[in-house]
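Secondary and tertiary structure notes
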Amino acid sequence: MSATTLLIHDGSAAPDAPVTRVGGLPLAPAGTDWPTCTACSGQLQFIAQLVLDGGRGVLAVFMCANDPGSCQEWSATSGGNRALLFPPDGLAPLPLPALPAAEDGDDESDEDDGDADEEEDDEEDDEDVRLLGAVRTVERVTVAEPEYRPAVKAWSERSGRPGNEVLGRLGGTPDWLQYDETPHCTGCGAPMEFIAQLEDGPDPLTAPNFGSGRAYAHACAPCGRGGWLWDWWGGRPPGGGAGT
Ligand SMILES: [Zn+2]
Ligand SMILES: [Zn+2]
């Protein structure tokens, strides 16, 4: 019988801490561009970095949060998210690039927007959707349960802490909500290695938006590529989605 390694919420850290964490700033090789969304061209939100075992690198995962539900950000192939596998050494905090000049003005920059009627909800003008509101570090706890849900339950009972402090699972087998969606490497075509699955986490204000589902991070270390997607209960993407 195998065990499950859970990722447990373990407090906060500096935004540039060189550890596995949710939130903060990504660590990347010098010269890396902040990734952008293929669908809306906006800059992606940094979700998490996962330090791979065996010194195989750091997997940084990003997702479009510019208009949730519109960019198929749950899909491994739509371009609404990104997983970048970096080498383990020589990483530095990736600076946030300047935002494109904002909406005050008669400067007619070449915005090729097909969506002229996008409604801007300016509820939080100073909120930067490229970053999460908090940094969470994780503690790895191994539970002698092969299945994810029973492992979460066993940990919660043993620790007396709520199950939503479990941020996900490291390695092992992904616990798909619907069906196996293992992405294939865009380099070699092989099914990618499962690295971790992530949950929204305990704090709705600062959690990534996985539509109350789960995200799955994958990598192909030999090719230096990452892939990720998320999955939720039921047939429709959250927010109605852009559909097919
Ligand atoms: Zn987008
Ligand atoms: Zn590959």
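Just so it is clear, the structure is predicted and the values come from calculations on it, not from any experiment.

Looking at the secondary structure, you find V138 in strand β8 (residues 136–143). V138 sits in the buried class, given a relative accessible area of 18%. For the pair V138 and L6, spaced 132 residues apart in sequence, the C-alpha to C-alpha distance is 9.1 Å. Apart from the residues lying within four places of it in its own chain, the contact partners of V138 are L7, I8, D10, T20 and L167.

Each donor-metal-donor angle in an ideal tetrahedron of four donors is 109.5 degrees, and each such angle in an ideal octahedron of six donors is either 90 or 180 degrees. At this site the zinc ion (ligand 1) is bound by C37 (SG), C40 (SG), C64 (SG) and C71 (SG), with donor distances of 2.2 to 2.4 Å. Of note is the zinc ion (ligand 1), whose four donor atoms meet at the metal with angles of 104 to 115° in an arrangement that counts as tetrahedral. Look at where the donors of the zinc ion (ligand 1) fall in the sequence and you get C-x2-C-x23-C-x6-C. Taken together, the residues span a long stretch of sequence, with C40 in the loop between β3 (27–29) and β4 (45–51) and C71 in the loop between β5 (58–63) and β6 (81–86) at a distance of 31 residues.

Let's shift gears to helix α1 (residues 148–159). Residues three or four positions apart in an α-helix share a direction because the helix packs 3.6 residues into each turn. Here α1 is 12 residues long and its end C-alpha atoms lie 16 Å apart, about the 16 Å a rise of 1.5 Å per residue gives. The complete set of buried residues in α1 reads Y148, A151, V152, W155 and S156. Projection of α1 onto a plane perpendicular to its axis shows the buried side chains occupying an angular sector of 130°, all on one side. Turned more than 90 degrees away from the buried face of α1 sit R149, K153, E157 and R158, all of them exposed. Against the buried residues of α1 lie β1 (4–9), β8, β9 (166–170), β10 (193–198) and β11 (214–220). Note on α1: the residue one or two positions beyond its end, G160, has a positive phi of about 70°.

Another point: the confidence of the model for the protein chain. Of all residues in the protein chain, 84% have pLDDT values of 70 or greater, and the mean over the chain is 86. Least confident of the elements in the protein chain is strand β12 (residues 225–231), whose mean pLDDT is 92; most confident is β3, at 98. Low confidence marks residues 105–111, where pLDDT is under 50. Its contacts with residues over four positions away, or in another chain, come to zero contacts. Overall, residues 239–244 carries pLDDT values under 50, and its contacts beyond four positions in sequence, including any with other chains, amount to seven contacts.

Taken together, the protein ligands of the zinc ion (ligand 2) are C185 (SG), C188 (SG), C220 (SG) and C223 (SG), with distances of 2.3 to 2.4 Å. Angles of 107 to 110° at the metal separate the four donor atoms of the zinc ion (ligand 2), which places the site in the tetrahedral class. Along the chain, the residues donating to the zinc ion (ligand 2) are arranged with the sequence spacing C-x2-C-x31-C-x2-C. In this pair, C188 is assigned in the loop between β9 and β10 and C223 in the loop between β11 and β12, connecting sequence segments 35 residues apart.

Inspection of the entire model under this criterion finds eight aromatic pairs. Through a chain of ring-to-ring contacts, three or more aromatic side chains come together here, namely W74, F210, W228, W230 and W232.

Reading the values: rules and limits
Sequence order as written defines the numbering, with residues in each chain counted from 1. By the order in which they are written, chains take letters starting at A while ligands take numbers starting at 1. The predicted origin of the model limits local features to residues at a pLDDT of at least 70 and limits the giving and counting of side-chain atom pairs to 80 or more, whereas totals for whole chains, interfaces and linings rest on all residues. Side-chain calculation: all heavy atoms of the structure are included, whereas hydrogens and water are not. Secondary structure elements follow DSSP: runs of H or I of four or more residues count as helices, runs of E of two or more count as strands, with numbering from the N terminus. Each residue is assigned to one of three classes by its accessible area relative to the maximum for its type, calculated with a 1.4 Å probe on protein chains only: buried under 20%, partly exposed between the two thresholds, exposed over 50%. Contact criterion: two residues are considered in contact whenever any of their non-hydrogen atoms come within 4.5 Å of each other. Only nitrogen, oxygen and sulfur atoms within 2.8 Å of the metal, or 3.2 Å for Na, K and Ca, are treated as donors, and water is left out, so sites may look incomplete. The geometry test gives tetrahedral to four donors whose angles all lie between 85 and 135 degrees, gives square planar to four donors and octahedral to six donors whose opposite members are over 155 degrees apart with all other angles between 65 and 115, and gives irregular to the rest. An expected span of 1.5 Å times one less than the residue number is assigned to each helix. As used here, the arc is the angular range of directions from the helix axis to the C-beta atoms. Within a predicted model, pLDDT stands for the predictor's per-residue confidence, ranging from 0 to 100. The rule is short: rings of Phe, Tyr and Trp, with Trp giving its six-membered ring, pair when the centres are within 6.5 Å, and they are stacked under 30 degrees, edge-to-face over 60, tilted in between.

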